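Chain and residue survey
Residues per chain are reported as follows:
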Amino acid sequence: MRDYAALGLRVGLEIHAQLDTGKLFCHCPSDLVDTHDAAIIRRLRPTMSELGEIDPAAREEFKKGVMHEYRASLGHACLVYADEEPPHDPNPEAVHTLLQIALLLDAVVVDSIHFMRKIVIDGSNVSGFQRTALVALDGVAHSAYGTVRIPTICLEEDAARLVETKGQTRVWNIDRLGTPLVEIATDPSMHHPRQARDVALFLGQAMKATRRLKRGIGTIRQDVNISIAGGARVEVKGVQELALIEDCVEREVERQVALLSLRDELVKRGVGGVACDIVDLSDLFSGTACSIIKGGVFGMRLAGFGGLPGREVQPGRRFGTELADYAKAYVRGIFHSDELPRYGITQAEVDAVRERLGAGPSDAFVLVAEKKGVAKKALEAVAYRARLALEGVPNETRRPLPDGNTQFMRPLPGKSRMYPETDVYPIRVTPERLAAVRASLPELPAETVRRLADTYGIATETAERIVDWDAEELFVRSQETYAMPPNRVLRLLETYAMLSKEPGMPAERPDEVLERFMEGHEKVTVEAYEGVLRELVRTGGSVDDALSALGISSVSEDDIRAAIRGVLDANAAVIAERGAEAFKPLMGPVMASLRGKCDGKTISALLREELDARLS
Amino acid sequence: MNVGDRIRVRTKEHAYEGILMPSEGTANEAYLALKLDNGYNIGFLRASVSVELLEEGHMANATMPPCEIAPTLGLPDIAILGTGGTVASKIDYLTGAVYPSFSPDELLRLVPELGEIANISGRELYSIVSEDILQRDWENIAQAIVGRIAEGASGVVITHGTDTLHFTASMLSFMLRDLDRPVVCVGAQRSSDRPSSDAAFNLVSSVRFAATDCAEVVVCMHAGIDDDVCHVHRGTRVRKFHTSRRDAFVSVNSLPLARVYGAGRVEQVSPYRTSSGKDVYADTSCEERVSLVKTYPGAADIVGALVDRGYRGIIIEGSGLGHAPDTLHAEIRRGLEEGVFFGMASQCVHGRVNMNVYRGGRVLKEAGVLPLGDMLAETAWCKLSWVLGHVQDREEVARAMLLPVAGEVEDTSRLDVYGCREACL
Ligand SMILES: [Zn+2]
C-alpha cells in the first residue's frame, strides 16, 4: 500500500455527462444514427488571436488543405448544427437540469448565464467552436475521505463523432454534435485513489438524480488529473468506468514515481542532455532475418540511458514504451536496445549497431525501420521524450487502457481561446426561478434507495441495484401495477443487463418492453426469462406471442401443477401399484391434459416433483 | 467603473475577481457581466452584490506586428472597399464585438491567400449595418469605385453586409456608366471571427473574379453550403433568399454569370459584358422619393399615404402576374392623376408580369401602371429612383424603365431557369 499523503498525491476530476433532452441550441433529437442523407464539405480557417497570432498547428492543417465532410441525417439535423442558422434559445430542459444539479451540489448559481465560444478547430465542431456556459460555482462533493470543492459546473455542447479519415478529409457524423453536456470540475485536492472514485460516484449520482442523463456506453466520460509532489499534471482523458478511475490513479502514481527515480538515476549518471544524431544503419541490416525491416533503418544513441528503456514504469509498460508512444505519431513502433536481440534481429546485428553508433554499455540506442524522412521525425520525437526524462514527468494528456495503465495521447493543451457567444442572449436566473427549482429538487440516489427499501420491504442491496440500473420508475410500476415479486423484477433486470451485451440489442433499455414482460410475468418461468425477454425485444410482441413463438407453455406453473395433480388423483391406483415407476405411464395423460400448452421438459420436471411428494 | 477594469464582486458568501464586461444585450443595467480568469463570463444581479475596483483596465487595442507586403509583379491590382458587414473583420475577444479591418496587412493576415492572387489595396469607406444604407451612400461608393479605377485598379471588390447587398449591386449597376472592369460585391453570412466563416472563401473568389475581363457589377457568394464553389451573379438579377444560409443569394430569371472554384478556376456560365473601351464614370443622380410597396389581400391606404407625402415613383410588388387588390385601385388612380409613376413587379419573385391576362391587370395597365417584365422588384425600385433622377416625363420614364441598362430586363424567359442553384443548371 502506497502512502499517498507522503507522495503528495493530488487528483482532480472533470466529469462530462450527456443529457437526454434533445440538442442544446435547436429542436433536433440527439440520438445517434449511422445512416446519413447529406454530406457537407467545409474547411476550417484558423482565426487570429487578440494579438494577431494564429496557432501554428492550426495554420499548418489549413495549409495542408485539411477538409471536413459532415454527414447528417435528415430528421436528426437541421441548419443550426450545419452552421447555417444562428442558434435557437438554449434548451430549457437542459438549463433546468443544470440548475437542479447545481443545487444538489450546493453550488452558487450565477444570476445570468452567458454562453461562450471555445475555439476548436480539429473539425469536431462544424462552427469551429464549442459553446459553453458557466452555470454555477463553488459546489461541494462529499466522500469518506473528505469534502472536495467544485469550482465550476458548466453546460456545453458535445462534439461530432469522427467516422474516418480519408486522406486530407476528416469525415464526421454530426448526430452527437450539440448534445448538451454537464461538465463538473473538482479542484485538484483529492489525495487518495479511492477518493477519486467515491467523488466520481457521488457526482454521477447527483447527475443521475435528475433522470435526464443519457444511458449507455460513452454517455459519461471522466477526465482525471493526477500529480504527485515533484511530478507533473497529467490528464487521463475519457475514463468511462468508475472502477477504472481508482486503477488509473494508482497506475499513474506508479508511473510518476518510476519516472522521478529514472530522472534521479540520470542525474546520478551525470546525463545532462540528449543529442539527436541520426545515423543511417540500413546497410547493417541488408541481410536481416527481421521481417519488420524492409529497407531503411535509422538509429540514434541515447548516451547514458543504458538499461533504462527496459525499466518498468507501469506493470507491463517500460520506459521504452514511453519513448515509442511519442514516435507513434510517425511510425508504428521503434526498437530499443533493451529489447534486442529479438524480432529476428541478431546479437551480431546489435553489436554492429552499437559499434556504428558508438554506444557503449552505459548507453542505450533506438532504431526505426522506415524511410529517411519519416524515421528522422520519429527519432526526433524519441529524443524529445528522452530529454523530458531529465526533468522527470512531462505534462501530458493520456488515454486510459483497459487495465488502468495509460498511454500518451498528446502534450497537455494550453488554455483554450474563449470569447462571448453573441448570438445567444444571456439566461436570467431570477431568485424566483431558482426558488422554484429548489422546491422541486429530485431526491439523491441514496434517498431513493432508502425510500424503495422502506416502501416495498426490499433489502437495501436490492434497492441499490435497482437505482444503479436507473430502474426505479420501472420497479415502482412492477410493484404498484403488476404485483411482481421483487426478486423476479431483479431477475428480469439482470437478464436484460446480460442480454444488452448481445449484438443487435438497443443501445438504450427499452422500458416499454420490460413493462410488457411484467404484464405477463406470471406466465413465464424463471428458466424462460432469457428466451422470452430476447424474443420480446426482437419482435416487440406480447408475452403470449413470445411464449408461443418459443414453443413454451403459456400456462402458469400453478396451472401445470393443478393439471398434474388432477391426473395423479385420477390415477391413484397406478401410483399405489408402481410407485416411482408410475412416472412413465402418467406422462402421456398429463401432456394430453395440458394440450401442448407447455413443453415436455417443464412438465416432466414438475410431474417428477409432484409424484415424489405423493410417494414420500 | 469602466469596462475592462479589474474588479471584485462580493455575493453573500463568496467573492469573485475578474474583468468588468460591457452590459449584456441592450437595456439591462440590472445585471453586470464579469469575465473570470478562467475565461468564462458570468452575470450578477447588481442589487445583490457589492463591487470593488481592483485595478483600472487598459483596454489596449492590441497592435499587431506589421506584415511585410511588397507588390508582386504580374499580379493584378485589386482594390477592396469596405462598407460594413463581417467579411473582413476582427473580433474583440474580450467583448465579442466585431470590428472591420481593412488595412492591407490586416486583410492579408486574415486571408493570406489573397497575396498570391493579387496585389491588394484596402480601404474602409463606411462601417454601417447594411439595412441602414442610404441613397447618398451609394453615390459615395460609386465615386470611390471610379476613383480606384482611375488609380489603376484592375478590379474593385466591395465588402458589404448581406441584407441589402443586392440593392447596392443593383444600384451600382445603374450608376456606373461605361464600366470597363469588374466590380464585385461580396458579403458573409457567418462572421469572419469563426473558423467556419464563409467570408474568406467568398472574398478570395471575389478577388479572383475581379481579375477577369467582365465589365459588370456582380455579387459573388457561396453557391451551396459546401466550401467549394462560389456563384457570380449579375448585380441586377440577384436577390437574398435565405436569412442565414451561406448560399442565400440566387440569380432570378437568369443564370449566374460564373462559378469560382476553391482551387481557383473561374468558369463562365453565361455571357457577360466586357469593356467597350470607354472610361467609366459615375452618374449618380437619383430621386429619393421612390417607394416599394407590397400588396396583400385587402391592402388599403399604403399607396395614398405615399402620394400625399409627395412620392414621385412607386413600384408595386403585386400578386401573381401583376395584380393589386380592388381596395388599392382608387389610390393608384389618384396617384397616376397626380403624376406619380407606377411600375408593376411581382411578389412571386420568379417569372414575368403580364397584365393582359386578367381583367384586374388590364384595368391597372390601362390606367397607366407600367408592367416591368421580368425585372426584380428590388431592381425596379433602384432603377426607377435612378431614372427619375434623369427624366420626369411619364413616356420617357416608361421607355427608360423598359430599356435594358444592365441586364435587368429581358424579353425571353429561359426554359432552364427556375428555383435555386444547380437544380436549374
Ligand atoms: Zn437541429
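Not measured: the values here are computed from a predicted model.

**Concerning the nonpolar core**
Ranked by size, the top nonpolar core spans 133 residues in total, and within it Val-135, Ile-153 and Val-382 of chain A carry the most contacts. The greatest single-element share of this core, amounting to 9 residues, is contributed by helix α8 (residues 372-389) of chain A. Ignoring sequence-local partners within four residues, the contact set of Ile-153 of chain A consists of Leu-98, Ile-101, Ala-102, Leu-105, Ala-107, Val-135, Ala-136, Gly-139 and Ile-184 of chain A. Trp-138, Ala-215, Val-229 and Ala-324 of chain B belong to the second-largest nonpolar core, a separate cluster that totals 104 residues.

**Here's the deal with the packing of helix α4 (residues 165-175) of chain B against helix α9 (residues 377-388) of chain B**
All names here are of chain B. Between α4 and α9, the shortest axis-to-axis distance is 9 Å and the interhelical angle comes to 40 degrees. Considering only the axes of α4 and α9, their crossing is right-handed. Each of His-166, Phe-167, Ser-170, Met-171, Phe-174 and Met-175 in α4 lies in contact with α9, whose residues at this interface are Glu-378, Thr-379, Cys-382, Lys-383 and Trp-386. Within the contact of α4 with α9, the residues separate by chemical class into 6 nonpolar, 3 polar and 2 charged.

**Examining the pairing of strand β11 (residues 180-185) of chain A**
All names here are of chain A. For β11, a buried count of 6 out of 6 residues is recorded, marking the element as mostly surrounded by other parts of the structure. Going residue by residue along β11, you find Pro-180, Val-182 and Ile-184 tucked away on one face and Leu-181, Glu-183 and Ala-185 tucked away on the opposite face as well. Inspection of the sheet shows strand β1 (residues 10-18) paired to β11 by 5 bridges, in the antiparallel sense. Counted as the bridge partner of Glu-14 is Ala-185 from β11.

**Focus: the sheet that holds strand β17 (residues 258-261) of chain B**
Residues and elements named next belong to chain B. Strand order in the open sheet formed by 8 strands is β9-β6-β10-β12-β13-β14-β17-β18, with mixed pairing between adjacent strands. Both outer strands of the open sheet, β9 (119-124) and β18 (266-268), are each paired with one neighbouring strand and no more. For this sheet, the mean inter-axis angle between neighbouring strands, taken without regard to orientation, is 25 degrees. Examined bridge by bridge, β17 and β18 share 3 bridges and lie antiparallel to one another.

**Points about the sheet that holds strand β10 (residues 169-173) of chain A**
Residue and element names in this part refer to chain A. Spatially, the 4 strands line up as an open sheet ordered β2-β3-β10-β9, and their pairing is mixed. Unpaired on one side and paired on the other, β2 (38-42) and β9 (161-166) mark the two borders of the sheet. Going across the sheet, the axis of each strand differs from the next one's by a mean of 25 degrees, ignoring polarity.

**Side note on the interface of chain A and chain B**
Contacts between the two partners involve 39 residues from chain A and, on the opposite side, 38 residues from chain B. Every element with two or more residues in the side of chain A that touches chain B is listed here: β2, β6 (115-119), β7 (129-141) and β22 (418-420) of chain A. Its residues assigned to classes, the side of chain A that touches chain B comprises 22 nonpolar, 7 polar and 10 charged. Direction of pairing for strand β5 (residues 112-113) of chain A relative to strand β4 (residues 41-45) of chain B: antiparallel, over a ladder of 2 bridges. Within β4 of chain B, the position partnered with Ile-113 of chain A by the bridge is Ile-42 of chain B.

**Things to note about the domain arrangement of chain A**
Per the domain assignment, the segments making up chain A are domain 1 (4-227), domain 2 (277-392), domain 3 (445-550) and domain 4 (557-615). Its C-alpha centre places domain 2 of chain A at a distance of 77 Å from the equivalent point of domain 4 of chain A.

**Some thoughts on the domain arrangement of chain B**
How big an interface is tends to be stated in terms of accessible area lost as the parts join. Examined at the domain level, chain B breaks down into domain 1 (6-55), domain 2 (77-282) and domain 3 (290-402). Look at where the C-alpha atoms of domain 1 of chain B and domain 3 of chain B centre, and you get two points 55 Å apart.

**A closer look at the environment of Arg-538 of chain A**
Residue and element names in this part refer to chain A. Checked against the element boundaries, Arg-538 lands in helix α15 (residues 529-539). Judged by the 13 C-beta atoms lying within 10 Å of it, Arg-538 falls in the partly exposed class. For the pair Arg-538 and Gly-504, spaced 34 residues apart in sequence, the C-alpha separation works out to 8.8 Å.

**Focus: the pairing of strand β15 (residues 298-302) of chain A**
Where a strand is regular, its side chains alternate between the two sheet faces. Residues and elements named next belong to chain A. Along β15, 5 of the 5 residues are buried, which leaves the element largely enclosed by surrounding structure. Neither face of β15 is exposed, since Phe-298, Met-300 and Leu-302 on one face and Gly-299 and Arg-301 on the opposite face are all buried. Here strand β14 (residues 279-280) runs beside β15; their pairing, made up of 2 bridges, is antiparallel. Bridged to Asp-280 within β15 is Phe-298. Relative to strand β19 (residues 364-368), β15 is paired through 5 bridges, and the arrangement is antiparallel. Looking at the pairing, Arg-301 lines up with Phe-365 of β19.

Thresholds, definitions, all that
Residues numbered from 1 in each chain as written. Chains lettered and ligands numbered in written order. Predicted model: local features only at pLDDT ≥ 70, side-chain atom pairs only at ≥ 80, totals over all residues. Core = buried A, V, L, I, M, F, W, Y, C linked by C-beta atoms within 7 Å. Buried ≥ 20, exposed ≤ 12 C-beta atoms within 10 Å, placed from the backbone. Helix = DSSP H or I, 4+ residues; strand = E, 2+ residues; numbered from the N terminus. Contact = placed C-beta atoms within 7 Å. Axes fitted to C-alpha atoms, helices over the stretch in contact; angles between N-to-C directions. Left-handed = near helix turned anticlockwise from the far one by under 90°. Nonpolar A, V, L, I, M, F, W, Y, C, P; charged D, E, K, R; others polar. Pairing = 2+ DSSP bridges. Domains from an automatic or database assignment.

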